[in-house]
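# Coordinate analysis (summary)
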There are 2 protein chains.
Amino acid sequence: MTQDANSNAAPANEGAGMEGKHPLDAIFHPRAVALVGVPSGESQGASLGFFTSLLEQGFHERLNHGLYPVNPKADEIRGFKAYHSLLETPDPVDHVISLIPARAVPMLVEQAIQKKVRSIHFFTAGFSETGDEEMANLERTMVEKLTAAGIRVLGPNCMGLYVPYEGLAFMNQFPKEPGNVMFVSQSGANAGDVVRGLGNRGVRFSKVISFGNGSDLRAHHFFDYAITDDETDLVTSYIEGVQDGPKFLTALKALARVKPVILLKGGLTGAGARAAHSHTGSLAGSTQIFDAVCRQVGAWRAETMDDLHDVSIAVTTGLKHVQGRGVCLVGGGGGTAVLASDALATAGLDVPPTPEATRKELSEFIPVAGTSINNPIDTNMGDAETTDRTLRIMARAENIDVIVTNASFGRNADEADLDELKRRATDQAERLAKLQQETGVPIVVLTRGTPHAVLEHFQYEAYRCGLAAYPTIQRAARAISAILQWRERREGLPTIF
Amino acid sequence: MTQDANSNAAPANEGAGMEGKHPLDAIFHPRAVALVGVPSGESQGASLGFFTSLLEQGFHERLNHGLYPVNPKADEIRGFKAYHSLLETPDPVDHVISLIPARAVPMLVEQAIQKKVRSIHFFTAGFSETGDEEMANLERTMVEKLTAAGIRVLGPNCMGLYVPYEGLAFMNQFPKEPGNVMFVSQSGANAGDVVRGLGNRGVRFSKVISFGNGSDLRAHHFFDYAITDDETDLVTSYIEGVQDGPKFLTALKALARVKPVILLKGGLTGAGARAAHSHTGSLAGSTQIFDAVCRQVGAWRAETMDDLHDVSIAVTTGLKHVQGRGVCLVGGGGGTAVLASDALATAGLDVPPTPEATRKELSEFIPVAGTSINNPIDTNMGDAETTDRTLRIMARAENIDVIVTNASFGRNADEADLDELKRRATDQAERLAKLQQETGVPIVVLTRGTPHAVLEHFQYEAYRCGLAAYPTIQRAARAISAILQWRERREGLPTIF
């Protein structure tokens, strides 16, 4: 772990209380936002994206919110009055998004101080991450000036804030509903991947922060904030280089004690570390050290982005209650069941034979030919009633801890129209969730084979009902196994799921 | 490896030549098919599926084809004349699909012999796979009678044949175009998974065979057939229990010598083996033995169904030509590139730094801020021209063996309508394929983040143009690595890709 050059820059209001709120809370609740450097006219690209994302989220429509595009050459942008300078915007402006080139930043710094803003987010790149000494100095100087004036800095070289509760967003088509998951990310692209990827699976977010070079605010500040943030139940994070090693460890430890934390570390291989250095100027650590830290504090280290997604789903649905390795596998046909059993066993789980008493119960209504009641269970019947009855009986078996079943859209799903498919998807999610609740045995749904048109809807509905859904049995198996391992590793720590 | 009870039943025309064609060729080219036990009226379910699939494929519309539903109680089914018995159908009937219950099978056997059919496929289950001695005897007896009369048997307990060239299919919505991939499967569900899953990714099939219990025809017969089948360039297979160990090995070895073979073995874990035994009555072998066999003969052992899909894509696209471990990673944004580099390194590949001369060429048109020319390359420009220019230059670098890039649908893809997206997808596939051809360096496309609506179209277009596309960098990395490993293991064997 490394400390970067700025680790001694003491932020002005670090640790200061404000009406009982954490000092960082204010930056997530700006009353007005100025976008400095919004392109005018027909220009496209990432810079304009910030403006259109705020419009899409309706930031400007919220009570007492102001949205001020700043462009020295424009009087109006997309129907909004444009200001020629930050100093011309109405008061107050709490948050500034800087979209201007690096060389123009020093003037903006002066203006932001004069304007008494609370926070400034530099989308602007081209600073310390380039490896250029002069630009690294410029970054250091601007951050010193801003923090000395009590202004917190996000970035540079980052995407900033997504706070759906306030209508703040940095990419288009992010969900508008707020949720209970926080994502603290050194990378904007990965923040987008998490919001869109997990968003498509039904997850909603409290705060997502892309902090890039982390010249002022960095992972440990947000971990510290998350400890007392009532809106956050799960903290996920993507880290390239650990800045302020000791502070990072202290904040992570305190957070992981009380809330589930899932960390994904980039740059753990030689090739990845080289890429991380180009990206945020980070020096990456080793897998062993990072893994040991996560184990010690009781956080979960995701191995890939998919793992981060999948374990996030597990720990925010009924699956988090799974208590043992016994899986009941239902449906999917013979060969599929064989491969699924292999996948579960490979992940350290078990598909135990159905106990005799349970077999007896099942054989009362499941015929012999073309079926199996041995676990994997294959009733070879598509109807909901048989499936429900089977699941209810299996859930009572003493060797079953979790049920894994397939999303199925009923007879002639090929021919059903989208509305009908959506209705069936909702019905199925609610039906399985009811069973999960009644029996106390977590139910996991596999979406392999779900028609593309209804996949997102089904995932949303399943998650809304508290069901964990995965695209493949391998990913489901790893997620189930993760919950069991994670709980085991937290022995001695408070229960968090 | 085990031999089942029927391994001594010598098929009547085994090894006999027929106009230079392999003796099994005839079963893939039936002139007329009788479906015995098609449900009439409003009944639904799998049995009816066989009939509707043949109708969907237009089997009956081909020259000199006949399609005869048989049902003792119906005169017409879905507009087709129905026959009360197989014996009432017109002559000739080459292929019979049995959808009747096991107890009614003995009579059908007599009729099939009298009718002089060539082959019979028993969807009918409830035989040896149940573990019931009486039913196992029934299976043995019927197969002995049929094969003694020169009739080949598929199954029982299977889905039979998908031969798009002839309009034969066993599930709905299978592609109608024929292709060059064969799948030999002990499981119908897995056959469906392969046809639909790989089908969605653009792969097309010569013959797909689900042979279930394999009471007569089994894996080694189809491997032997595939050796000389001009329509098949790649053989994929799902096996639960190896029947006729020595014959299996001989046929596999001969086939793998001349064509790429990808094998997926089910039941390699305890749980999987239990499931396989319930499914097809198979006794599974161990991972070690199976792995050793594959290495020895130069076949590829897929670890999961996804692996089978992914390596099939690799070996039938330009990716099969990859010669080394040097990957050029283009696009995707900083944090994504870091994780992608980690994934590639984890799979044993390399993301080498861009050579100095190449850096110089790139820096002539790629600006410094917010970009990287170090590999991973991030031009931060969405336009095709910059990307093409970059790829062409990177392909010439001496340490680059393969290029991995992201599917991208251009500016404002969010707002584009489906037709426009499809057009862009086709353009992109053709553009990248042209570069692949020009440079001789394989190009792999990642589809993560591709809008669902256009995913299948893009995959189809990419595959049609000879590009390998994968949903995640992990899967792409494994596939690239598989080609390199596979080629290495085939040292001393003929070049097949």
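Before reading further, recall that the structure is shown in the block above.
Residues numbered from 1 in each chain as written. Chains lettered and ligands numbered in written order. Predicted model: local features only at pLDDT ≥ 70, side-chain atom pairs only at ≥ 80, totals over all residues.

### Description of the sheet that holds strand 8 (residues 160-162) of chain B
All names here are of chain B. Taken in spatial order, the six strands line up as 8-10-9-11-12-13 in an open sheet, and their pairing is mixed. Every other strand in the sheet has two partners, leaving strand 8 and strand 13 (300-302) as the edge strands with one partner each. Put simply, the sheet's adjacent strands are angled 20° from each other on average, direction ignored. Note that strand 9 (residues 178-185) and strand 11 (residues 234-239) share five bridges and pair parallel. Directly across from V181, in strand 11, lies its bridge partner L234. (Pairing = 2+ DSSP bridges. Helix = DSSP H or I, 4+ residues; strand = E, 2+ residues; numbered from the N terminus. Axes fitted to C-alpha atoms, helices over the stretch in contact; angles between N-to-C directions.)

### Notes on the relation of the copies chain B and chain A
Rotating chain B by 180° and moving it 0.0 Å along the rotation axis overlays it on chain A with an RMSD of 0.0 Å. Here the two chains are linked by the operation of a two-fold rotation axis. For chain B, the smallest separation between a C-alpha atom and the rotation axis is recorded for H452 of chain B, amounting to 3.1 Å. When the interface residues of chain B are mapped onto chain A, 100% of them are again interface residues, pointing to one common binding face. (Least-squares fit on C-alpha atoms with pLDDT ≥ 70 in both. Contact = placed C-beta atoms within 7 Å.)

### Quick word on the interface of chain B and chain A
In many analyses, interface size is given as the accessible surface area lost on bringing the parts together. With 61 residues of chain B at the contact, the number on the chain A side is 61 residues. At 12 residues, helix 10 (residues 334-346) of chain B tops the list of elements feeding residues into the side of chain B that touches chain A. Of the residues in the side of chain B that touches chain A, the class split is 21 nonpolar, 32 polar and eight charged. (Nonpolar A, V, L, I, M, F, W, Y, C, P; charged D, E, K, R; others polar.)

### Focus: helix 10 (residues 334-346) of chain A
Residue and element names in this part refer to chain A. With 13 residues, helix 10 extends 18 Å from end C-alpha to end C-alpha; this agrees with the ideal 18 Å at 1.5 Å per step. Among the 13 residues of helix 10, 12 are classified as buried, and the element is accordingly described as predominantly covered. A positive phi of about 85° marks G348, the residue just after helix 10. (Expected span 1.5 Å × (residues − 1). Buried ≥ 20, exposed ≤ 12 C-beta atoms within 10 Å, placed from the backbone.)

### Examining the environment of R196 of chain B
Of note, R196 of chain B is situated in helix 4 (residues 188-200). Counting along the chain gives 25 residues from R196 of chain B to M171 of chain B, while the straight-line C-alpha distance between them is 9.6 Å.

### Digging into the packing of helix 10 of chain A against helix 15 (residues 473-489) of chain A
Residues and elements named next belong to chain A. At a minimum axis separation of 9 Å, helix 10 and helix 15 run at an interaxial angle of 30°. By the criterion of interaxial angle, the relationship of helix 10 to helix 15 is roughly parallel. Here the hand of the crossing between helix 10 and helix 15 comes out right-handed. Taken together, the residues of helix 15 that come into contact with helix 10 (itself represented by A340, A343 and L344) are I473, Q474 and A477. By residue class, the composition of the contact of helix 10 with helix 15 is five nonpolar, one polar and no charged. (Parallel < 35°, antiparallel > 145°, perpendicular 65-115°, else oblique. Left-handed = near helix turned anticlockwise from the far one by under 90°.)

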